[in-house]
Amino acid sequence: MASLLINGKSYNVDVDPGTPLLWVIRERLQLTGTKFGCGVAQCGACTVHLDGQPIRSCQTTVAQANGKKITTIEGLSPTGQHPLQLAWIAEQVPQCGYCQSGQLMAAAALLAKNPNPSDQDIVSAMSGNICRCATYPRIKRAIKRAAQGVRS
Amino acid sequence: MSTRLTRRAFLASATAAGAALTIRFPLVAPGDAAAAAAYDPNAALTITPDGIVTVHITKAEMGQGVGTALAQIVAEELEVDWKDVRVDYPANDPKFGLMLTGGSWSVNWTFDTLSRAGAAARLALIDAAAKTWNANPADCVAARGVVRHLPTGRALRYGEIVARVPITKTFSEDELKQIVLKKPADYRVVGQWIPRLDIPEKTNGKAKFGIDTFLPNMVYAKVAYPPTREGAKFTAVDDSAAKRVKGYVATVQLPQQQLVAVVASSYEAAVKARDALKITWDAGPNASVSTDSIFAKFNSAKDDPGVTSWHEQGDVKGAMGGAARRHEATYTTDYVAHMQMEPMNCVVRFADGAYDIYTGSQFQTFAVGTLAATLGVDASKIRINQQYLGGGFGRRLEPDIMVETALIAREVKRPVKLIRSREEDLRRDFYRSATLQQVKAGLDRDGKIVAWEKTVVASHPGRRWGPDFVDKKGLDQFALNGADHVYDIPNQVVRAIPVETGISVGYVRAVAPNYTFFAVETFMDELAKLAGVDPLQYRLSMLGSAPRLANVLKLAADKAGWGSSLPANTGRGIACVSAQEKKTPTWTASVVQAQVDPSTGKVKIDKIVCAVDCGIVVNPDGARSQIEGSILFGISNALKERGTVANGALVQSNFHDYQVLRMDEVPEVEVHLVPSTEYPTGLGEPGTTTVAPALSNAIFAATGARVRQVPLLPDRVLAALRARA
């Protein structure tokens, strides 16, 4: 039995402690905004925050997450009004949309520690997240837009 | 696994093969009963008493924003407020006709029909309102969801008409054709920068993809896939260890379909149990197939004298013989995988003899036919509940995941969810074929091309789909499109040589024009050099019959500063295409500016400028988004993606060894759309096809080294640099 604190809510889940956090979040708890893309921490679609740090939930076990604060896309903002979410809409970022939860969680972690990122900061923070539709130019623009909103 | 075609699928394929691309919207008389609930003037839309118009999108939403664009087309003629427009993505139904999303066809195929569907509904609403007022419909107008009688000022909202007034007017096919549609100058919705309807829920985790489906009492399946892509068979299965895995439910063995799977109570348990299976495989006839053996086969096939031509005009032999100079070159491209972000997955519930399928499909009509044939049921027993697609790129044209899941669900009598791992997804992909193309040309004394001969050696996906997806010569036109370019060359021939390799091929974004235009446009550069003419001017001299292509070519060149000086080892390359198909081209030209590191062969793209004429642009931001994405997909293909084969299967297994473009490699992308009132064509793919040739030409301009293999990897660039020296 693992005890997980996700988006401020506690869940007790009967799984092997070695189970990847991703599968518990998605398939047991049906918080499906977090996506499965590669299973080997190469694509970033499964990115969630663990105590505020962006992590790949496909390579994080339930045991590693035990007792820590987990935030998924569903918990990024209770109203879906996080500056990044608004910027994502303003810049019309998503195409298929599948990777975008992971992109947003990676971007949110970046802005939390660096509210005024340079182009290079953005590229460094975001190059672990693949978007096969290649919405990269718009992701970059949206992060800058959100950063300006956060500062002003 | 069998993908035999049925009669139903044949009907689809006849259309897919390009014979008649009409989508029918049968018009049903709604009668009085319908007035109370909702008005369905045709299969395209429903109006409810609250005034909400729901446009039924029968194209897959996989990132193109197709729902918004198609709804804009309907709303334009319906004269409804955009805020009252919704979309849904209905399950398959014969009333929707062909359900196929691909080929950059969606707007091109539906613009006229959806315009008429919207207009017919508007006219029927006007007619109904006029009748209740005993007025002449000609004295009534509809605007912003309201019908007004001009002489008296009386008005009824669409919702009120639907709720209270019998709507009786229907249209025959002929009457539909005769409706006079708006002129582009009068558009209020088409051509507007309208935010996409699917984007908000794609920023908060609420968008539902196939993988997000859950059904009561659902179990998880994992399939044990064979060691080679094609031709392997299992001869023995020992599931004694699998049975001891906690959560194990069942083993499914179907020798006829060559399917072995384990079902368990959770995804992890299914993986564990599947991995515990001991299966004896007969690897079959392809066990030693490799990249080298495939290209050796291509190379010997290319000289086959018995080959028929796919496209031919003039007297190539005579003109070639009389040419002042001749040139030839051979181009190759490697296997490319789809690598859509959402691995293939499906949920199926089998109950009462019917299959409820939850997934994202690009070709429901084909899937229904294939499933009905494989499962031995009537097509009416197959219901595909369409979800958002986490990337399509042609991968979700294939029904393979639905067939596997349905077979398993039938055995276990519980809803089944099947999710492939990325490794399985890549190994079971239907790749863009590796290709070998040889081009020969004869020039006259002035450098003008008088003869052109092209040989295209590739695997043709349509052959696997069935006889209805190839022409009478057994050729799949979607494996050849683009080889029939639009340059004015009097004598030309395209020889098509389909070759089976044991590696399954399919349709990957931009399909054949990726490789056919690579050869055409790179060779054109080589001929320009031979003729001593600037590559832009050389192309323009042969585009007299394609003025819109000449226009975008000049536009791209102007915007890119064609001809201005650049630093050492930096060059510009140009390419133009009539993709996706010669009959319905989106005129597209790109200029790539790239730097080459002569010591490593590494190529860095600084900038790409793309000019596009697609006729009427329905949603300008959506259009830009598609062009940007298609260009970057092309860069990923051109610079990085190389699928190799060993032991009858793809060598690569995940994103670490099959690398795709990431943010750190994205150059500046500049898009120019030509304003136009011509009938619209598609945007999802043409940009992709310009990248590899423009980049190869840029490398040549920068270094004088000609790279004729895609992807343009550093070792290939280095080899070309050495060959130059």
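Residues numbered from 1 in each chain as written. Chains lettered and ligands numbered in written order. Predicted model: local features only at pLDDT ≥ 70, side-chain atom pairs only at ≥ 80, totals over all residues. Heavy atoms only, no water.

This paragraph deals with the overall build of chain B. In terms of regular secondary structure, chain B is built from 20 helices and 28 strands. Taking 2.2 N^0.38 as the reference for a compact globule, 725 residues should give roughly 27 Å; the C-alpha atoms of chain B span a radius of gyration of 27 Å, in line with that estimate. With the C-alpha coordinates aligned to their principal axes, the bounding extent of chain B is approximately 85 × 75 × 45 Å. Across the 725 residues of chain B, 65% fall into the buried class. (Helix = DSSP H or I, 4+ residues; strand = E, 2+ residues; numbered from the N terminus. Rg over C-alpha atoms; globule rule 2.2 N^0.38 Å. Buried < 20%, exposed > 50% of the residue type's maximum accessible area, 1.4 Å probe, protein only.)

What follows deals with the overall build of chain A. Looking only at helices and strands, chain A has seven helices and five strands in total. Taken over the C-alpha trace, chain A has a radius of gyration of 15 Å; the compact-globule value for 152 residues is 15 Å, and the two agree within 12%. Projecting the C-alpha coordinates of chain A onto the three principal axes gives extents of approximately 45 × 30 × 25 Å. Residues classed as buried in chain A amount to 58% of the 152 residues present.

A word on the pairing of strand β3 (residues 53-56) of chain B. Residues and elements named next belong to chain B. Neither face of β3 is left uncovered, since the one carrying V53 and V55 and the one carrying T54 and H56 both have all their residues buried. As defined by bridge partners, strand β2 (residues 45-47) adjoins β3 across three bridges and the pair is classed as antiparallel. Opposite L45, over in β3, you have V55 as the bridge partner. Two successive antiparallel strands, β2 and β3, enclose a turn made up of five residues, where G51 displays a positive phi of approximately 85°. Across four bridges, β3 lies against strand β4 (residues 85-88) in parallel orientation. If you follow V55 over to β4, its bridge partner there is V87. Note on the crossover from β3 through helix α3 (residues 66-78) to β4: the handedness is right-handed. (Pairing = 2+ DSSP bridges. Right-handed = clockwise from strand over helix to strand, strands pointing away.)

Attention shifts here to the interface of chain A and chain B. If you look at the interface, chain A gives 48 residues, while chain B gives 59 residues. Buried area between chain A and chain B, both sides added, is near 4,300 Å², and the carbon and sulfur share of it is 58%. At the junction of chain A and chain B, the tally comes to seven salt bridges. The salt bridge partner of R26 of chain A is D212 of chain B, with a shortest N-O separation of 3.0 Å. (Contact = heavy atoms within 4.5 Å. Buried area = accessible area lost by both parts, 1.4 Å probe. Salt bridge = Lys/Arg side-chain N within 4 Å of Asp/Glu carboxyl O.)

Turning our attention to the pairing of strand β14 (residues 325-333) of chain B. All names here are of chain B. Both β14 and strand β19 (residues 435-443) contribute to a ladder of nine bridges, which runs antiparallel. Looking across to β19, one finds that T333 is bridged to T435. Where β14 meets strand β28 (residues 709-710), two bridges bridge the pair, whose relative direction is parallel. The residue of β28 that forms the bridge with T333 is V710.

Next up on the list: the side chain of T135 of chain A. Following the sequence through the fold, T135 of chain A ends up in the loop between α6 (119-126) and α7 (136-151). In this view, T135 of chain A contacts V93, P94, Q95 and Q100 of chain A; residues no more than four positions away in its chain are not counted.

Another point: helix α11 (residues 364-375) of chain B. Residues and elements named next belong to chain B. The first and last C-alpha atoms of α11 sit 16 Å apart over 12 residues, in line with the 16 Å expected at 1.5 Å per residue. With respect to burial, α11 is a largely interior element, 11 of its 12 residues being buried. Residues of α11 that are buried: Q364, T365, F366, A367, V368, G369, T370, L371, A372, T374 and L375. Following α11 by one or two positions, G376 adopts a phi angle in the positive range, close to 70°. (Expected span 1.5 Å × (residues − 1).)

Let us now look at the environment of V165 of chain B. Residues and elements named next belong to chain B. Following the sequence through the fold, V165 ends up in the loop between α5 (158-164) and α6 (173-178). V165 gets classed as buried once you look at its relative accessible area, which sits at 5%. Along the primary structure V165 and V348 are separated by 183 residues, whereas in three dimensions their C-alpha atoms are 42 Å apart.

Moving on, we get to the pattern of salt bridges. Across all of its chains, the model carries 50 salt bridges over all chains by this definition. Measuring nitrogen to oxygen at the nearest pair gives 3.3 Å for the salt bridge that ties R26 of chain A to E27 of chain A. The partner of D198 of chain B in a salt bridge is R196 of chain B, and the shortest N-O contact between them spans 2.7 Å.

All names here are of chain B. Strand order in this open sheet of six strands is β13-β21-β20-β19-β14-β28, and the pairing throughout is mixed. Both outer strands of the open sheet, β13 (309-313) and β28, are each paired with one neighbouring strand and no more. Summarising the sheet, strand β20 (residues 449-458) and strand β21 (residues 491-498) pair through eight bridges and their orientation is parallel. Counted as the bridge partner of W452 is Q492 from β21. Each of β14, β19, β20 and β21 touches helix α9 (residues 291-301); the most contacted strand, β19, lies at about 35° to it. Contacts from helix α15 (residues 513-531) reach β14, β19, β20 and β28 within the one sheet, and its direction differs from that of β14 by about 150°. (Axes fitted to C-alpha atoms, helices over the stretch in contact; angles between N-to-C directions.)

For N114 of chain A, the location among the structural elements is in the loop between α5 (100-113) and α6. Sequence separation of N114 of chain A and T60 of chain A is 54 residues, and the distance between their C-alpha atoms is 24 Å.

Turning our eyes to something else, we now look at empty space enclosed by the protein. All names here are of chain B. Counting across every chain of the model gives nine cavities of 30 Å³ or more. Estimates place the volume of the largest cavity at around 140 Å³. In this structure, the largest cavity is lined by 15 residues; those nearest its centre are T333, R432, N514, N637 and V710. Elements with a minimum of two residues in the lining of the largest cavity: α15, α18 (620-639) and α19 (686-703). At three residues, α19 tops the list of elements feeding residues into the lining of the largest cavity. (1 Å grid on protein atoms, 1.4 Å probe; cavity = no way out; pocket = protein on both sides within 12 Å on 5 of 7 lines; lining within 4 Å. Points joined across faces, edges and corners; volume = space filled by probe spheres on them.)

The subject of this paragraph is the packing of α18 of chain B against α19 of chain B. Angle between the axes and distance between the axes are the two parameters that describe a pair of packed helices. Residue and element names in this part refer to chain B. Taken N-terminus to C-terminus, the directions of α18 and α19 make an angle of 40°; their axes are 7 Å apart at the nearest point. Taken as axis vectors, α18 and α19 run oblique relative to one another. Note that α18 runs across α19; the crossing there is right-handed. Facing α18, whose interface residues are S630, I631, F633, G634, I635, N637, A638 and L639, α19 presents G687, T688, T690, V691, A692 and L695. (Parallel < 35°, antiparallel > 145°, perpendicular 65-115°, else oblique. Left-handed = near helix turned anticlockwise from the far one by under 90°.)

As a further point, take the sheet that holds strand β1 (residues 39-42) of chain B. Residue and element names in this part refer to chain B. Across the sheet, which stays open at both edges, the four strands sit in the order β1-β2-β3-β4 with mixed pairing between neighbours. In this open sheet, the two strands that pair with only one neighbour each are β1 and β4. When strand polarity is set aside, the average angle formed by the axes of neighbouring strands in this sheet is 25°. In this fold α3 packs onto β2, β3 and β4, with an angle of close to 135° to the strand it touches most, β4. The strands touched by helix α4 (residues 106-132) are β1 and β2; relative to β1, the strand with the most contacts, the crossing angle is about 130°.

Turning our eyes to something else, we now look at α9 of chain B. All names here are of chain B. Regarding α9, the residues found buried are T291, I294, F295, F298 and A301. Down the axis of α9, the smallest arc covering the buried residues is 120°, so these residues share one side. Of the exposed residues in α9, the ones pointing more than 90 degrees away from its buried face are D292 and S300. The elements touched by buried residues of α9 are β14, β19, β20, β21 and β25 (645-646). (Arc of directions from axis to C-beta.)

Okay, the nonpolar core next. Judged by nonpolar contacts, the single largest core of 206 residues is most densely connected at I143 of chain A together with L78, L125, V147, I449 and L695 of chain B. Among the elements that take part in this core, α4 of chain B stands out by supplying 11 residues, more than any other. When neighbours within four sequence positions are excluded, V147 of chain B is seen to be in contact with L125, I126, A129, W133, C140, V141, A142, R154, A155, L156, Y158 and I161 of chain B. Y225, L259, M344 and I408 of chain B belong to the second-largest nonpolar core, a separate cluster that totals 33 residues. (Core = buried A, V, L, I, M, F, W, Y, C linked by side-chain atoms within 4.5 Å.)

All names here are of chain B. Scored by pLDDT, chain B comes out at a mean of 94, with 95% of its residues at no less than 70. The secondary structure element of chain B with the lowest average pLDDT is helix α1 (residues 7-16), at 36, and the one with the highest is strand β15 (residues 345-351), at 99. Taken over the whole predicted complex, pTM reads 0.95, whereas the ipTM for its chain interfaces reads 0.98. (pLDDT = per-residue confidence, 0-100.)

This paragraph deals with unusual backbone geometry. Residues and elements named next belong to chain B. For the bond from A579 to Q580, the omega torsion is -5°, close enough to zero to count as cis. A cis geometry characterises the amide bond from V710 onward to P711, with omega recorded as 5°. Among the structural elements, P711 can be located in the loop between β28 and α20 (714-724). The phi dihedral of R144 falls on the positive side, at around 50°, and the residue is not glycine. As for its placement among the helices and strands, R144 is situated in the loop between β5 (140-143) and β6 (146-149). Note on R144: relative accessible area 56%, which makes it exposed. At M339, a position not held by glycine, the phi torsion is positive, near 50°.

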